[in-house]
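Commentary on secondary and tertiary structure
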Amino acid sequence: MPDLLLEIGCEEIPARMISNAQAELQQRVTDLLKRERLGTAGKITALDTPRRLAILAESVPAAQPDLIEQITGPAVSVAFKDGQPGPPAHAFAKKAGISVDQLARVTTAKGEYLSARITRQGRPVSEVLAELLPREIATLYWPKSMYWRRPGERFVRPVRWIVAMLDGEIVPLDVFGVRAGNESRGHRILSNGTVKIPRAGAAYMDALKSAYVLGRDARQQHIRKALDAATRAIPGARWREDKSLLETVVNLTEFPSVILGNFDREFLDLPEEVLVTVMRDHQKYFAIEDGKSKLLPHFLAVLNTDADRDGLIRHGNERVLRARFNDAGFFWQTDQKISLLDRLELLKNVTFQKDLGSYHQKTLRVQRLCGWLSQILRLSGREVRPGVVHKAVCLAKTDLTTELVKEFTDLQGIVGGLYARVQPLDPGLPKVTRLLIADAIYDQYKPESVEDSVPRSVEGAVLSIGDKADTIAGMFALGLIPSGSKDPFALRRQANGIVKIIAEHKLAFRLTELMQDARCGYQGSEAEQKFKNPDYVGSVNAFLRERVEFYLRDVRGFSYDVVNAVLAAGWDDLVDAIARAEAVAAMRSSTDFESISVAFKRIKNILQQAAENKRAVADAIQPNLLSEPAERELAEQVPEAAKQVEALRSQKDYRQALAAISSLRPRVDKFFDKVMVMVDDDAVRANRLALLQNLLREFSTIADFSEIVTEGKV
């Protein structure tokens, strides 16, 4: 069984697009092989560099296996007239590739039909791949694509070469006018250009390595070792770990090396956030710090070449960085001439979203919303400083008018927090209050991912939630709802942020009320006249429930059935939902809990079948109709247990509440063992259904136990 190699060579691909494209290509090739009955006996691996995407599939079948099919044709009554085959019979035989006398007959529920057993001969793998691979390559998704040949042909960058091989044989495919061969290309600078691939498999990797092209893992390991080695030149120093930057430089290089550069110590007077952003985002440099995590006047640059023996590259990088730092220092000094308070009016000229107005209007909406959130927290007994929240909201977006943010857009929010630290803001404002305001502004965009930390203070949490909720409400009201992989306004990320903040700060906010009040902020505005979503409440609630489910399952690690059970009993109060999930997860392994879960599943099925068959359920339980001892015992126990569960639930003691519910197991088991629910007597049946419905309603406020998966039980 031959190995398959596919390599797409092109001009340099943007670093941010490589990983997703490589994963998609690997999945497409895997799916293609399975779909065409060419599943590999080995593994499928990927290789990518800035100039290539490659797939290696081990042990691919040389040809498709023959496929035997049984096909059904016309009815015998139609195909035969007077016992002789007519045109329909001949046409079906021709289609099947056999003679009429080889046709069989099958009897179905609709009558007797003609049938034929045909064998479809498998095609050689080379023929299949030559036909289908070009379409898979051409339909790869790219955030941005280029036209460079014919209208309608698009790819991220012009394709310059294709390698497609089965062991040592070339697969004759054509992609964008480029015919596949066995010649790849090595490092743009260090190699001699083309490199011949002797065969698919390990020989491919060896050939690339000889041409100064390393695989992803090898490049990352090489970069880490080089960063460590360069940093050792500075006693007591270490390079600052940056996972995102490391992935970027891996995607920018094929044969990397590292150089150590320096900058003037006077630049350390600028805020560290500014210096690191310039180095990381603009120059792709790693920062260097001492043992106390304090920035040092050095940097590390990753090169896509083997060395900088004469120091020319280092000198050029130092010169560029010096100019960037000088710009940042100039912008910092220039921005101090206008205070953040004076910049609030300037927000009237900064557009938030074309249909939702300016950032000044957004600020007024968020102020109102955050005032309401602060009041909720105070009523719940949580300490919060509404004055700090109000001032932080007022100044939160003013840094969008600063020169530093215009130059370094990734610093929005951070710059506002830094400026609030050094500006007086209000005469007589205590320093501690000013720092609280500054911290809230600084953290307003947190968390930017599920791995990111939440705002440090409650005031910062309120600002962040209010800002995100206002954005989500406006976008959903306009009908700009995320769908599939499309989320241009990052609404999922912002909703994830709201959920994470509420969960980690344990805030007493109800998500549905939050979004309803955020929507009220647009009432009477020009933006409201452009709203197009008639089902705002339904769509935004479904969206937030999905985010809560994601948080509980993927971030907190609860199993899917625990999450389903808890959310079925309510998801609006997130802190409460987490507490219930923790209790269910802790109790689910007990025997009584498993058994009561099975019983609740059975109860739910009985009630559902009764509803489908239009069987009446009594409005209230009639004691005189409880004829069996088992049903009387259960009816007597339910109110007592319900009272106990409600008392424990009001104290948020969900584990004990679940234990109390589980204690009903003997009586529930006895009921199902001794009592027939669906009897012929309408009144008795309705009464027993009411008993089950009452049981289900009383004890499903913590979780829907019927959602719990129980192994080996029905």
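Keep in mind that this is a model prediction, so the values were computed, not measured.

**A closer look at the overall build of the chain**
Helices and strands together make up the secondary structure of the chain, namely 26 helices and 20 strands. Computed over its C-alpha atoms, the radius of gyration of the chain comes to 34 Å, more than 25% above the 27 Å expected for a compact globule of 714 residues. With the C-alpha coordinates aligned to their principal axes, the bounding extent of the chain is approximately 95 × 85 × 55 Å. Total accessible area on the chain is roughly 34700 Å²; 49% of this is exposed by carbon and sulfur atoms. Distance between charge centres in the chain, computed from 99 positive and 95 negative side chains, equals 2 Å.

**Considering the environment of glutamate 582**
With respect to the helices, strands and loops of the structure, glutamate 582 is situated in helix H21 (residues 574–587). Each C-alpha atom of the pair glutamate 582 and alanine 226 lies 45 Å from the other, and the pair is 356 residues apart in sequence. Dropping the residues within four chain positions of it, glutamate 582 is found in contact with Arg556, Phe558 and Arg655. There is a polar contact of 3.1 Å between the side chain of glutamate 582 and the side chain of arginine 556.

**Topic: the sheet that holds strand E8 (residues 111–120)**
Read across the sheet, three strands follow the order E4-E8-E7 without closing on themselves; strand pairing throughout is antiparallel. Of all the strands in the sheet, the pair left with one neighbour each is strand E4 (67–75) and strand E7 (104–108). Across the sheet, the mean angle separating the axes of adjacent strands is 40 degrees when strand polarity is ignored.

**Regarding the sheet that holds strand E1 (residues 4–10)**
For sheets, the rule is that strands pair by backbone hydrogen bonds, running either parallel or antiparallel. If you trace the five strands from one edge of the open sheet to the other, you get E2-E3-E1-E9-E10, paired in antiparallel fashion. Looking at the sheet topology across the chains shown, the edges are occupied by strand E2 (44–49) and strand E10 (169–170). Bridging between E1 and strand E9 (residues 159–166) involves seven bridges; their strand directions are antiparallel. Within E9, the residue paired with isoleucine 8 across the bridge is isoleucine 162. Where helix H5 (residues 202–210) meets the sheet, it contacts E1, E2 and strand E3 (52–57), and its direction lies at approximately 150 degrees from that of E3.

**Looking at the pattern of salt bridges**
Tallying each qualifying case throughout the model produces 53 salt bridges. A salt bridge links arginine 421 to aspartate 439, with the shortest nitrogen-to-oxygen separation between them at 2.9 Å. Residue arginine 421 is located in helix H14 (residues 414–422), and its partner aspartate 439 is located in helix H15 (residues 431–442); the two are separated by 18 residues in the primary sequence. Residue aspartate 439 is classed as buried on the basis of its relative accessible area, which comes to 17%. In this structure, aspartate 576 engages arginine 580 in a salt bridge whose closest nitrogen and oxygen atoms are separated by 2.9 Å. Residue aspartate 576 and its partner arginine 580 are both found in helix H21; the two are separated by four residues, about one turn of the helix. Each member of the pair, aspartate 576 as well as arginine 580, is classed as buried.

**Details of the state of the cysteines**
Simply put, disulfide is the name for a covalent bond between the sulfur atoms of two cysteines. According to the stated counting rule, one finds zero disulfides in the structure shown. Left unpaired, cysteine 370 is separated from the closest cysteine sulfur, that of cysteine 394, by 12 Å. A relative accessible area of 1% means that cysteine 370 is categorised as buried. Cysteine 520 forms no disulfide, and the closest cysteine sulfur to it belongs to cysteine 370, at a distance of 15 Å.

**Remarks on the pairing of E3**
E3 sits mainly inside the fold: six of its six residues count as buried. Across the two faces of E3 the burial is the same, with Arg52, Ala54 and Leu56 and Leu53, Ile55 and Ala57 all buried. Note: E1 against E3, six bridges, orientation antiparallel. The residue bridging isoleucine 8 from the neighbouring strand is leucine 53, located in E3. Counting the residues between successive antiparallel strands, the hairpin from E2 to E3 contains two residues.

**Quick word on the packing of helix H16 (residues 458–478) against helix H18 (residues 511–520)**
With their axes 8 Å apart at the nearest point, H16 and H18 run at an angle of 70 degrees to one another. The angle between H16 and H18 places the two elements in the roughly perpendicular class. Residues Ile465, Ala469, Asp470, Ile472, Ala473 and Ala477 of H16 pack against Leu514, Met515, Ala518 and Arg519 of H18. Its residues placed into classes, the contact of H16 with H18 shows eight nonpolar, no polar and two charged.

**Observations concerning the pairing of E8**
Pairing of E4 with E8, which is carried by seven bridges, proceeds in the antiparallel orientation. Bridge pairing in E8 links isoleucine 68 to threonine 119. Pairing of E7 with E8, which is carried by five bridges, proceeds in the antiparallel orientation. Looking at the pairing, valine 106 lines up with tyrosine 113 of E8. Connecting E7 to the antiparallel partner E8 that follows it, the hairpin turn spans two residues.

Rules and cut-offs
- All chains use their own residue numbering, which begins from 1 and follows the written sequence.
- Totals for whole chains, interfaces and linings use all residues, but because this is a predicted model, local features are given only for residues with pLDDT of at least 70 and pairs of side-chain atoms are given and counted only at 80 or more.
- Hydrogens and waters are ignored; side-chain quantities use all the structure's heavy atoms.
- Here a strand is any run of E in DSSP of at least two residues, a helix any run of H or I of at least four, and the numbering for each starts at the N terminus.
- For the radius of gyration, the atoms used are the C-alpha atoms, and the globule rule reads 2.2 Å times the number of residues raised to 0.38.
- Here, Shrake-Rupley sampling with a 1.4 Å probe gives the accessible areas, and only protein chains in the shown set may cover a residue.
- For the purpose of counting charges, residues Lys and Arg are taken to be positive, whereas Asp and Glu are taken to be negative. His and the chain ends are not included.
- The atom standing in for a charge is NZ when the residue is Lys, CZ when it is Arg, CG when it is Asp and CD when it is Glu.
- Here a residue-residue contact requires only that any non-hydrogen atoms of the pair lie within 4.5 Å.
- Identification of polar contacts relies on pairs of N or O atoms within 3.5 Å, with a donor-acceptor requirement for protein atoms, meaning one able to donate a hydrogen and the other able to accept it, and with residues adjacent in sequence counted only if both atoms are side-chain atoms.
- Note on pairing: DSSP must find at least two bridges between two strands before they are called paired.
- Only C-alpha atoms enter the line fits that serve as axes; for helices the fit covers just the stretch in contact. Angles between N-to-C directions range over 0 to 180 degrees.
- By salt bridge we mean one thing: a side-chain nitrogen of Lys or Arg within 4 Å of a carboxyl oxygen of Asp or Glu.
- Three labels apply to residues, based on accessible area from a 1.4 Å probe with only protein chains included: buried if under 20% of the type maximum, exposed if over 50%, partly exposed otherwise in between.
- Here, the term disulfide refers to a pair of cysteine sulfur atoms separated by no more than 2.5 Å.
- These descriptions rest on fixed angle ranges, namely under 35 degrees for roughly parallel, over 145 for roughly antiparallel, 65 to 115 for roughly perpendicular, and the rest for oblique.
- Residues are grouped as follows: nonpolar covers Ala, Val, Leu, Ile, Met, Phe, Trp, Tyr, Cys and Pro; charged covers Asp, Glu, Lys and Arg; every other residue, Gly included, is treated as polar.

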